[in-house]
Amino acid sequence: MSLSGKIAVVTGGSRGIGRAICQRLAGLGATVIVNYVSNPAAAEETVQSIQSVGGKAEAVQFNVAVAGEIEAAFKQILDLHGRVDILVNNAGITRDGLLMKMKDEQWDEVLNTNLKGVFLCTKAVSRAMMKQRWGRIINITSVIGFAGNAGQANYAAAKAGIIGFTKSVAKELASRGITVNGVAPGYIVTDMTRDLSEEVTNTIKGEIPMGVLGEADDIAGAVAYLASDDARYVTGQFIHVNGGMFM
Ligand code: NDP
């Protein structure tokens, strides 16, 4: 499997799952644009980890929830590299709370980042990919988008929205050589899940047939497959990477 010569943009590539995706794609030969919003040090660490083993990467700051920032960033990326071959819509946040107590801001922040961000970034690369007649768009949803979760109505709605979005755009772009797929992680060890109490973590482990949380690299492998030529005839699909938690 080689991604040599490909230009890949990974939103939220600076930490956690996004970092592992950046490292994997760069390891396969892609030039990786590592997006971040607020933590330049983490993004730089990701870039360094790639460059130190001979890979190509650069950090680009933009907020996936802000249309103007995305337009400017993708213009800059396209001016510099002339193309974008792979887009991984990975950036995501949680603002958990039970429905009865959920504030409008919690809803809006999660929907704007996790769902509108996917729409805006996909739109921003679609014209260039259509001209190239080649593209790979990979959206990171979640087991929660399929199964739901108490305390995460906003997050589940956004992640379920990604599922319908992915299938619709896959139908629109298939004839142009562009595939649009998703990866649905279960519980993965990152900053997002690190603060869960031991009690909650043990409860979650009890729901996972494999009995352990996943690693960011488990997700990177699925993304690499969908980005590769091996997946050229796969579109509108989701790979569940969750230790058997949801089938
Ligand atoms: P982390 O919290 O570890 O990292 C989040 C990343 O997203 C960071 O790089 C962060 O950048 C970036 N980010 C957040 N908001 C924005 C924004 N507005 N614009 C651009 N970048 C942004 O998350 P994970 O690695 O755990 O999660 C990655 C994806 O996987 C998310 O979509 C998440 O919902 C999904 N997922 C995660 C699971 C898990 O168990 N961890 C399970 C299922 C799905 P910065 O460093 O600048 O803050």
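Quick caveat, the model's predicted, so the values are computed rather than measured. (Residues numbered from 1 in each chain as written. Predicted model: local features only at pLDDT ≥ 70, side-chain atom pairs only at ≥ 80, totals over all residues. Heavy atoms only, no water.)

1. Let's talk about the overall build of the chain
The cut-off we apply is this: Working definition: helices are DSSP H or I runs of at least four residues, strands are E runs of at least two. Numbering for both runs from the N terminus. The size measure is the radius of gyration over C-alpha atoms, and the globule rule it meets is 2.2 Å times the number of residues to the 0.38 power. Exposure categories follow from relative accessible area, calculated using a 1.4 Å probe and restricted to protein chains: below 20% of the type maximum is buried, above 50% is exposed, and the middle band is partly exposed. The criterion used for residue contact is that any of the two residues' heavy atoms lie within 4.5 Å. Residue exposure ignores everything except the shown protein chains as possible cover, and the areas themselves are Shrake-Rupley values with a 1.4 Å probe. Asp and Glu are treated as the negative residues and Lys and Arg as the positive ones, with His and the ends of the chain left uncounted. For charged residues, the charge sits on one atom: NZ in Lys, CZ in Arg, CG in Asp, CD in Glu.
Check the secondary structure of the chain and you find nine helices and seven strands. Compactness check: the chain gives a C-alpha radius of gyration of 17 Å against a globular reference of 18 Å for 247 residues, within 12% of the reference. Over its C-alpha atoms, taken along the principal directions, the chain stretches across nearly 50 × 35 × 35 Å. The burial tally for the chain puts 49% of its 247 residues in the buried class. Pairs at least 24 residues apart make up 74% of the contacts formed inside the chain by residues separated by at least 6 positions. Carbon together with sulfur atoms contributes 52% to the accessible area of the chain, which is approximately 11,700 Å² in total. Separation between the mean location of the 23 positive side-chain charges and that of the 23 negative ones in the chain comes to 10 Å.

2. Considerations on the layout of surface pockets
Worth spelling out the cut-off: Here a cavity denotes grid points, spaced 1 Å and computed from the protein atoms alone, that fit a 1.4 Å probe unable to get out, and a pocket denotes an open set having protein on both sides within 12 Å along at least 5 of 7 lines; residues with an atom within 4 Å of a point are the lining. Grid points are joined across faces, edges and corners, and a volume is the space filled by probe spheres set on the points. Under the scheme applied here, ten amino acids are nonpolar (Ala, Val, Leu, Ile, Met, Phe, Trp, Tyr, Cys and Pro), four are charged (Asp, Glu, Lys and Arg), and all others, including Gly, are polar.
Size it by volume and the second largest pocket reaches roughly 160 Å³. As for the second largest pocket, its lining consists of Ala67, Ile70, Glu71, Phe74, Lys75, Leu78, Leu120, Lys123 and Ala124. Those elements that provide at least two residues to the lining of the second largest pocket are α3 (67-81) and α4 (104-132). No other element matches the six residues that α3 contributes to the lining of the second largest pocket. Per-class residue counts for the lining of the second largest pocket are six nonpolar, no polar and three charged.

3. Some details on the environment of leucine 87
Along the chain, leucine 87 falls in strand β4 (residues 86-89). Relative accessible area serves as the criterion here: at 0%, leucine 87 is assigned to the buried category. Taking the C-alpha atoms as reference, leucine 87 lies 4.9 Å from valine 9; in sequence the two are 78 residues apart. In this view, leucine 87 contacts Val9, Thr11, Phe74, Cys121, Thr122, Val125, Met129, Arg136, Ile137 and Ile138; residues no more than four positions away in its chain are not counted.

4. Side note on the packing of aromatic side chains
Let me state the cut-off plainly: Only the six-membered ring of Trp is used, alongside the rings of Phe and Tyr, when aromatic pairs are assigned; centres must lie within 6.5 Å, and planes under 30 degrees apart are stacked while those over 60 apart are edge-to-face, with the rest tilted.
The tally for this structure, following the rule as stated, stands at three aromatic pairs. Seen from their ring centres, phenylalanine 146 and phenylalanine 238 are 5.7 Å apart, and the 75° between their planes marks the pair as edge-to-face. Note that phenylalanine 146 is positioned in helix α5 (residues 143-147) and phenylalanine 238 in strand β7 (residues 238-241), a separation of 92 residues in sequence. The exposure class of phenylalanine 146 is partly exposed, given its relative accessible area of 29%. For the ring pair phenylalanine 146 and phenylalanine 246, a centre distance of 5.8 Å and an interplane angle of 40° mean the geometry is tilted. Separated by 100 residues along the polypeptide, phenylalanine 146 in helix α5 and phenylalanine 246 in the segment after β7 bring together distant segments of the chain.

5. Considerations on the side chain of threonine 46
Cut-off, in case you're wondering: The term polar contact refers here to a pair of N or O atoms within 3.5 Å; inside protein, the definition further demands a hydrogen-donor-capable atom paired with an acceptor-capable atom, and it admits residues adjacent in sequence only when both atoms are side-chain atoms.
Relative to the elements of secondary structure, threonine 46 occurs in helix α2 (residues 40-51). The exposure class of threonine 46 is buried, given its relative accessible area of 0%. Polar side-chain contacts of threonine 46 include one of 2.8 Å to the side chain of arginine 19. In contact with threonine 46, other than residues within four places in its own chain, are Gly13, Ser14, Arg19, Cys22 and Val34.

6. Topic: the packing of α4 against helix α6 (residues 153-173)
Let me state the cut-off plainly: In this analysis an axis means a line fitted to C-alpha atoms, helices contributing only their contacting stretch, and an angle means the value between N-to-C directions, from 0 to 180 degrees. When describing relative orientation, an angle under 35 degrees is termed roughly parallel and one over 145 degrees roughly antiparallel, while 65 to 115 degrees is termed roughly perpendicular and anything else oblique. For a crossing to be left-handed, the near helix must be turned anticlockwise from the far one by less than a right angle; the clockwise case is right-handed.
It is the contact of α4 with α6, at a shortest axis distance of 8 Å, that shows an interaxial angle of 15°. Relative to α6, the element α4 is oriented roughly parallel. At the point where α4 passes α6, the crossing takes the right-handed sense. Together, Gln106, Trp107, Val110, Leu111, Asn114, Leu115, Val118, Phe119, Thr122 and Met130 of α4 and Ala153, Asn154, Tyr155, Ala157, Ala158, Lys159, Gly161, Ile162, Phe165, Val169 and Leu173 of α6 make up the contact between the two elements. Taken together, the residues of the contact of α4 with α6 sort by class into 15 nonpolar, five polar and one charged.

7. Things to note about the pairing of strand β2 (residues 31-36)
Here is the rule we go by: When DSSP finds two or more bridges between two strands, those strands count as paired. By convention, orient the strands away from the viewer: a clockwise path from the first strand over the helix to the second makes the crossover right-handed.
Taking burial as the measure, the six residues of β2 include six buried ones, the bulk of the element. Side chains Thr31, Ile33 and Asn35 of β2 all project onto a buried face; the interleaved residues Val32, Val34 and Tyr36 project onto the opposite face, where all are buried too. Pairing geometry for β2 and strand β3 (residues 56-61), over six bridges, is parallel. Counted as the bridge partner of threonine 31 is lysine 56 from β3. The handedness of the β2 to β3 crossover, carried by α2, is right-handed.

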